[in-house]
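# Examining the three-dimensional arrangement
Here's the letter readout for the chains.
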Amino acid sequence: REAAEKEILPRFGHVTGVDKSKHAYREVVTEADLGASMYVLDRIRKKFLGSYSEEHRYPDRWDHGLVWQLDPVDGTDEFVAGMRDGFACHAALLEKRSDATYRPVAGVLYLPGVDKIWCADGSGEIAFFEGGRRRQIPVSGREEVVGWVRKTDPNDALAAWYERFARGKGMSCRVVEGGGSGASISDLLEGRVNL
């Protein structure tokens with residue numbers, strides 16, 4: 001929340017993206033991504049040395065038993081487009097196993113534009129906070145299929161698949177346009193979508 005308050009939200013609504021090449025697609029990175037990443041990593045790497053982010057990867061990231069993996073601004077396209085509920089910050093605490101692979105043991109998903117936080121640990125319990133207060137997690141209905149598509153990159157093929165799936169179940173279907181992956185997971189957890 002501090003990183004969002006200091007590095008992300010002040011830039012919301014008047015930031016320009018910087019394109020960078022990554023794998024086979026182009027990704028937008030902003031000063032908000034970079035600033036929030038360094039804000040968190042400067043603090044967390046003191047205790048969890050191998051911790052890294054999508055923007056800042058360190059050679060030692062696989063040399064430690066516990067590391068935080070961060071994406072400081074997931075849904076950067078939505079952030080740049082001014083979708084207050086379309087971007088998220090998320091992190092997973094990874095634990096090294098005896099075979100040198102990692103498994104997630106805790107996670108945090110935060111939507112700073114609407115102040116929603118989802119937290120989970122290995123127990124299977126999920127906690128939901130909105131506006132700083134713990135809230136009951138809503139349960140989505142099963143009377144209709146409510147599918148998600150990304151507003152900044154609509155996918156007609158996915159929307160058609162939801163329709164076919166619903167028809168096969170004898171159900172009606174709605175498609176909701178939402179934010180990036182973190183925001184879509186929040187929509188699923190909150191019951192705004194169910195598929």
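Note that the structure is a prediction, hence the values are computed from the model and not measured.

### Details of the pairing of strand S7 (residues 116–121)
- Across six bridges, the pairing between strand S6 (residues 102–111) and S7 is antiparallel. Counted as the bridge partner of Ala106 is Asp121 from S7.
- In textbook terms, the turn of a hairpin is the stretch between consecutive antiparallel strands, and for S6 and S7 this stretch comprises four residues, one of which, Asp115, has a positive phi near 50°.
- Note: S7 against strand S8 (residues 126–130), five bridges, orientation antiparallel. Residue pairing in the sheet places Ala120 in a bridge with Ile126 of S8.
- Linking two consecutive strands that pair antiparallel, namely S7 and S8, is a turn of four residues; a positive phi of about 95° is found at Gly124 within it.

### With respect to the environment of Gly180
- The topology assignment puts Gly180 in the loop between strand S11 (172–178) and helix H5 (181–190).
- The spacing of Gly180 and Lys151 is 29 residues in sequence and 8.5 Å in space, taken between C-alpha atoms.
- Setting aside its immediate chain neighbours within four residues, Gly180 contacts Asp74, Gly75, Glu78, Gly86, Trp148 and Arg150.

### Observations regarding the confidence of the model for the protein chain
- When pLDDT is averaged along the protein chain, the result is 89; 93% of the residues meet or exceed 70.
- Here strand S1 (residues 18–22) is the element of the protein chain with the lowest mean pLDDT, 53, and strand S5 (residues 88–96) is the one with the highest, 96.

### Structural notes on the side chain of Ser53
- Within the secondary structure, Ser53 is located in strand S3 (residues 52–53).
- In terms of polar contacts, Ser53 uses its side chain to reach the backbone amide nitrogen of His56, at 2.8 Å.
- Apart from the residues lying within four places of it in its own chain, the contact partners of Ser53 are Ser37, Leu41, Leu70 and Pro72.

### Topic: helix H2 (residues 31–44)
- A rise of 1.5 Å per residue sets the reference length of H2, with its 14 residues, at 20 Å; its end C-alpha atoms lie 20 Å apart and thus fit the reference within 8%.
- Turning to H2, its buried residues number three or more, namely Ala32, Asp33, Gly35, Ala36, Ser37, Tyr39, Leu41 and Ile44.
- Measuring from the side-chain oxygen of the N-cap residue of H2 to the backbone nitrogen of Ala32 gives 3.1 Å; that N-cap residue is Thr30.

How each quantity is defined
- Residues numbered from 1 in each chain as written.
- Predicted model: local features only at pLDDT ≥ 70, side-chain atom pairs only at ≥ 80, totals over all residues.
- Heavy atoms only, no water.
- Pairing = 2+ DSSP bridges.
- Helix = DSSP H or I, 4+ residues; strand = E, 2+ residues; numbered from the N terminus.
- Contact = heavy atoms within 4.5 Å.
- pLDDT = per-residue confidence, 0-100.
- Polar contact = N/O pair within 3.5 Å; in protein donor to acceptor, adjacent residues only side chain to side chain.
- Expected span 1.5 Å × (residues − 1).
- Buried < 20%, exposed > 50% of the residue type's maximum accessible area, 1.4 Å probe, protein only.

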